[in-house]
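# Observations on the three-dimensional arrangement
If you want the building blocks of each chain, they are given just below.
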Amino acid sequence: MAVLPILEYPDKRLREPARPVEAVTPEIQRLVDDMAETMYAAPGVGLAANQVGVLLRIFVIDTAGEDDPSDLKVFINPEITSREGEMVWQEGCLSFPGVTESVERAERVHVRALDRDGKPFELDAEGLLSVAVQHENEHLDGKLMIDKLGPVKKRLVQRKMQKRAEGRTSSVDG
Ligand code: NI
């Protein structure tokens, strides 16, 4: 297993849509394992393949609390089949280090996907898991959390990330 480099905004590859996985091969399983290790090392609660520069429809999520045993969930070719309710959640993203913003999401989602063994499963998600599924699923379409912000906030985050990319110290921290 290996910790992979995580792409940061405004890397253009984060805007590319990912294509479906044709077969869950040992290579795909190795990618999944590397993605999980990368997510835990960050640390983060979710990571999409786009974020490590692989344009395949895969994400991993672990919403277990710090003191709880790990609860890795692997989603290959996921599909959100229903959404219910509304809520606002403070979200971050491993491709936007240091950024936390309020984002509007569905309260509950139903999702279908293949697991690490290529076996289909379905899941009802609410709370943090629901947010993570929606957030990671958008990565697969090249969408990012800043797309859900108003223009002023979006511009602030873009400036902050641009400065970071240029290697300068940002003064908007805090
Ligand atoms: Ni993200």
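Quick caveat: nothing in here was measured; it's all calculated off a predicted structure. Each chain carries its own residue numbering, running from 1 in the written order of its sequence. Only residues with pLDDT of at least 70 are given local features in this predicted model, and only at 80 or more are side-chain atom pairs given and counted; all residues enter the totals for whole chains, interfaces and linings. Hydrogens and water molecules were not included; the side-chain quantities draw on all heavy atoms of the structure.

### A few points about the layout of surface pockets
Each pocket or cavity is described by its volume, and for the largest pocket that value is around 270 Å³. Lining the largest pocket are 17 residues, and of these Gly44, Val45, Gly46, Gly92 and Cys93 sit closest to its centre. At the level of elements, β4 (87–91) and α2 (127–139) are the ones that each hand at least two residues to the lining of the largest pocket. Only DSSP runs of H or I with at least four residues qualify as helices, and only runs of E with at least two residues qualify as strands; both kinds are numbered from the N terminus onward. No other element matches α2, which puts six residues into the lining of the largest pocket. A 1.4 Å probe that fits but cannot get out identifies a cavity on a 1 Å grid over protein atoms alone, an open set with protein on both sides within 12 Å along at least five of seven lines counts as a pocket, and a residue lines either if it has an atom within 4 Å of a point. Grid points are joined across faces, edges and corners, and a volume is the space filled by probe spheres set on the points.

### Notes on the nonpolar core
Residues Phe59, Ile61, Phe75, Val109, Val111, Leu129 and Val133 are the most contacted members of the largest nonpolar core, which totals 15 residues. In what follows, a contact means two residues having at least one pair of non-hydrogen atoms within 4.5 Å. When neighbours within four sequence positions are excluded, Phe75 is seen to be in contact with Arg57, Ile58, Phe59, Ile61, Val111, Ala113, Leu114, Phe121, Leu123 and Val133. Membership of the second largest hydrophobic core comes to 14 residues, among which are Val21, Ile28, Met39 and Ala49. Remark: nonpolar core denotes a set of buried residues (Ala, Val, Leu, Ile, Met, Phe, Trp, Tyr, Cys) joined through side-chain atoms within 4.5 Å. The cut-offs for exposure are 20% and 50% of the maximum accessible area for each residue type, with area from a 1.4 Å probe on protein chains only; residues under the lower value are buried, those over the upper are exposed, and the others partly exposed.

### Brief notes about the pattern of salt bridges
Take a side-chain nitrogen of Lys or Arg and a carboxyl oxygen of Asp or Glu: if they are within 4 Å of each other, that pair is a salt bridge. Applying the stated criterion across every chain yields a total of 14 salt bridges. Note that Glu107 and Arg108 form a salt bridge whose closest N and O atoms lie 3.7 Å from each other. With relative accessibility at 32%, the residue Glu107 sits in the partly exposed group.

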